[in-house]
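# Descriptive analysis of the structure
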Amino acid sequence: MTIKRDLMRGAVWRQWDLHVHTPASFHWHGKKFDDDLSSVQTKALVDEMIEAMNEAEPAVFAIMDYWTFDGWFALKQRLSESDAPVLTKKVLPGIELRLSAPTDKRLNAHVIFSDEISDRHLKEFLANLRIERL
């Protein structure tokens, strides 16, 4: 029986950052994405994101914007364009939600999805959330 060389080496530890906000996030401080995710400003901001992730130590990131997947959609759209910078890291879509709970403390949930999930499924997930106005 032949064992692949990768399996013989054992565990490999990598740093992941599963809580990254983008200029689409509610509490983002600084320049934000335009409503048009293909605008010049949004493209420039996504290019800065790509450069920052490529230069950072983690091998994997999860976009965790408050109440939106627009950061993920902007990244995917930009990466599909011929003049886009190359992303050398794995990025997963996610969303950060504020939960209603019987406590005075703020309670947030972080939901991470596969990078192979369709945009339609992400939009359906968001559309099916129940929002409580306080």
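### What to know about the packing of helix H2 (residues 40–55) against helix H3 (residues 70–79)
- Running from N to C, H2 and H3 point in directions that differ by 90°, and their axes come no closer than 10 Å. With respect to their mutual orientation, H2 and H3 come out roughly perpendicular. On H3, the residues touching Thr42, Lys43, Val46, Asp47, Ile50 and Met53 of H2 are Ala74, Leu75, Arg78 and Leu79.
- By residue class, the composition of the contact of H2 with H3 is 6 nonpolar, 1 polar and 3 charged.

### Looking at the environment of Asp34
- Along the chain, Asp34 falls in the loop between strand E1 (16–20) and H2.
- Overall, the relative accessible area of 29% leaves Asp34 in the partly exposed class.
- Considering only alpha carbons, one finds Asp34 and Lys76, 42 residues apart in sequence, at a separation of 16 Å.
- Every residue in contact with Asp34, bar those within four places of it in the chain, is listed here: Ser39, Gln41 and Thr42.
- Only 2.6 Å separates the side chain of Asp34 from the side chain of Ser39, close enough to count as a polar contact.

### Here's the deal with H2
- For H2, spanning 16 residues, the distance from its first C-alpha to its last is 23 Å, which sits close to the expected 22 Å at 1.5 Å a residue.
- Taken as a whole, H2 has its buried residues at Thr42, Leu45, Val46, Met49, Ile50 and Met53. Viewed end-on, H2 has its buried residues packed into an arc of 145°, placing them on one side of the element. Set apart from the buried face of H2 by more than 90 degrees, the exposed residues are Val40, Glu48 and Glu55.
- As for H2, its buried residues are in contact with strand E2 (60–66), H3 and strand E3 (90–99).

### Remarks on the sheet that holds E2
- Across the sheet, 4 strands lie side by side as E1-E2-E3-E4; this open sheet has mixed pairing. Whereas interior strands pair on both sides, the edge strands pair on one side only; in this sheet they are E1 and strand E4 (107–112). Within the sheet, the average angular offset between the axes of one strand and its neighbour, ignoring direction, is 25°.
- Pairing geometry for E3 and E4, over 6 bridges, is antiparallel. Bridged to Leu99 within E4 is Leu107.

### Quick look at the pattern of salt bridges
- By the definition in use, this model includes 7 salt bridges.
- Arg78 is the partner of Glu81 in a salt bridge, and the nearest nitrogen-oxygen pair spans 2.7 Å. Each of the two residues, Glu81 as well as Arg78, counts as buried.
- The closest approach of N and O atoms between Glu124 and Arg120, which form a salt bridge, is 2.8 Å. Placement of the pair is Glu124 and Arg120 together in helix H4 (residues 119–127), with a separation of 4 residues, close to one helical turn.
- By relative accessible area, Glu124 is classed as partly exposed at 35%.
- Salt bridges here are not isolated pairs; linked through shared partners, they connect Lys43, Asp47, Arg78, Glu81 and Asp83.

Rules behind the numbers
Residues numbered from 1 in each chain as written. Predicted model: local features only at pLDDT ≥ 70, side-chain atom pairs only at ≥ 80, totals over all residues. Heavy atoms only, no water. Axes fitted to C-alpha atoms, helices over the stretch in contact; angles between N-to-C directions. Helix = DSSP H or I, 4+ residues; strand = E, 2+ residues; numbered from the N terminus. Parallel < 35°, antiparallel > 145°, perpendicular 65-115°, else oblique. Contact = heavy atoms within 4.5 Å. Nonpolar A, V, L, I, M, F, W, Y, C, P; charged D, E, K, R; others polar. Buried < 20%, exposed > 50% of the residue type's maximum accessible area, 1.4 Å probe, protein only. Polar contact = N/O pair within 3.5 Å; in protein donor to acceptor, adjacent residues only side chain to side chain. Expected span 1.5 Å × (residues − 1). Arc of directions from axis to C-beta. Pairing = 2+ DSSP bridges. Salt bridge = Lys/Arg side-chain N within 4 Å of Asp/Glu carboxyl O.

Interpretation in functional terms is not warranted from these geometric data alone.
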